[in-house]
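Chain residues, written in single-letter form:
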Amino acid sequence: MTDTAIKPATISHWINGVSTPGTSGRSARVYNPATGQVQALVDLASVEEINAAVEQASAAAKTWRLVPLSKRAEIMFRFRALMDARRDDLARILTREHGKVHGDALGEIARGIENVDFACGIPNLLKGGYSEGASTGVDVYSIQQPLGVVAGITPFNFPAMVPLWMIANALACGNAFILKPSEKDPSASLFMADLLKQAGVPDGVFTVIHGDKVAVDAILEHPDIAAVSFVGSTPIARYIYQKGTEHGKRVQALGGAKNHMLVLPDADVNMAADAAVSAAYGSAGERCMSISVVLAVGEVADELVQAIASRLPALKVGPGSDPQNEMGPLISREHRDRVAGYIASAEADGATVVVDGRKQSFEGDGFFLGVSLLDHVKEDMDAYKDEIFGPVLCVVRVPSYEEGLRLINDNEYGNGTAIFTRDGGAARQFQFECQVGMVGVNVPIPVPVAYYSFGGWKASLFGDTHMYGPDGIKFYTRSKVITSRWPDPSSSKIDLGFPQNR
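Residues numbered from 1 in each chain as written. Predicted model: local features only at pLDDT ≥ 70, side-chain atom pairs only at ≥ 80, totals over all residues. Heavy atoms only, no water.

Draft legend 1. Broad picture of unusual backbone geometry. We note that Phe389 has phi near 60 degrees; this positive angle belongs to a residue other than glycine. Looking at where Phe389 falls in the secondary structure, it is placed in the loop between helix 13 (382-385) and strand 17 (392-398). Phe389 gets classed as buried once you look at its relative accessible area, which sits at 17%. (Helix = DSSP H or I, 4+ residues; strand = E, 2+ residues; numbered from the N terminus. Buried < 20%, exposed > 50% of the residue type's maximum accessible area, 1.4 Å probe, protein only.)

Now the structure itself:
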């Protein structure tokens, strides 16, 4: 019997602490991107299944919020230890369903674990304030309380890290969490669900529901879900924000990006070229912090393009299961073809295709595309305007720092950006003037560490808070201020006047 004749496995939901087969009768295919073959079918939830899962989570949230902070921290520490011990196992799941190489998968997991590290400090993170004697015999203090049931809708490109941006803080704050991962690579979420249970998270506190738009809309409309976190494309982020807030929810929705790297004439060209290659082609360019545009200022352009191009033939592209490979396939055949279409479009519009990933051949039927470098790209080309989300780097030649800054600030997105220079004054001016949420100085991918927060500006973020870190604690809690007075009962009297502090 051939592999293709083997019946695909079924990937089920995780409800009330156990694997729960779907009842909707609907499913989606899960591919191995390196082979192009279907390896599993994932159940897609109905509205009724979402409602049942929320009911279980609501009941669990009532008791989970009563668990002492020290106990919740202890569970986070145990979860962190389990994640650490099972890194390789989880990385193999990411390689099998997403396609990324093993080292890249391990890097994703490491950045995700950082968020669990942060959540382990929840007793300190939830400390309130206290003012003794705000008025005669009156004390005022503040506390942070969980919201109840919250949900996360996460993308295919980081099936472990992005959920951990949400899960760790949400659970540590005392909420029950419902995760709707991408149906393209859903198994990582179930792996982490099992580890959370082993760590001591009570049944019902963490739920995984697989689904498509039916599930998304059910989450956004359900009255017992207090908040929704989302990471994905800008059109969907805008929809999530509008529909979620319309139904009275707190929403943070992170959208797309078009990240620019500004290279000044005084930059170290070799360092800038290494950074551009790493930031453009890592994870096959399927990350919202990828550098997709290099703005080469003045005379540095020719040398920089040559330096980048000279590095590309050495990149090893192939199945993530081979430890020698540095870049794996794209997530789907349709997405690969879409990315290749941008190369053709740019060439037709007058850009120079310095390196053409379409010409690289691969064995089998996987969703592979080689790395591409486009020079002389103009701001009216689709390859410049759109988020390509693939291994394509565009070089735009600009005459000055000011023109490069204008392009960055005029762009509809404001997720990440970087400047490469030896001039500290120019770097300081850039970080002040650029209208972008995350800035790197000689750092191409400025993803904040877990004790800061992640998020962009403009069309890259919908909502008032960024993801994880201090903003994550703020998002998953609401503050309550208590004014207390314990007077001598004999002094009690009626006073219809406005309360005064005296």
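Okay, back to it.
Draft legend 2. Fine view of the sheet that holds strand 23 (residues 477-485). Within the open sheet, the three strands sit side by side as 6-7-23. Their pairing is antiparallel. Every interior strand has two partners, whereas the edge strands, strand 6 (130-135) and strand 23, have only one. With direction set aside, neighbouring strand axes in the sheet form an average angle of 30 degrees. The pairing of strand 7 (residues 138-146) with strand 23 spans nine bridges and is antiparallel. Of the residues in strand 23, the one forming a bridge with Tyr141 is Ile482. (Pairing = 2+ DSSP bridges. Axes fitted to C-alpha atoms, helices over the stretch in contact; angles between N-to-C directions.)

Draft legend 3. Representation of the pattern of salt bridges in the model. In total, this model carries 25 salt bridges according to the counting rule given. Note that Asp337 is salt-bridged to Arg336, the shortest N-O span being 3.3 Å. Using a relative accessible area of 18% as the deciding quantity, one classes Arg336 as buried. Where Glu347 meets Arg358, a salt bridge forms, and the shortest distance between an N and an O atom there is 3.2 Å. Taken together, the positions of Glu347 in helix 12 (residues 333-348) and Arg358 in the loop between strand 15 (352-355) and strand 16 (372-375) put the pair 11 residues apart, joining distant regions of the chain. With a relative accessible area of 44%, Glu347 lands in the partly exposed category. Exposure remark for Arg358: the relative accessible area of 32% places this residue in the partly exposed category. Counted as one network, the salt bridges with shared partners bring together Arg80, Asp84, Arg87 and Asp117. (Salt bridge = Lys/Arg side-chain N within 4 Å of Asp/Glu carboxyl O.)

As far as function goes, none of this settles anything; it's purely spatial.
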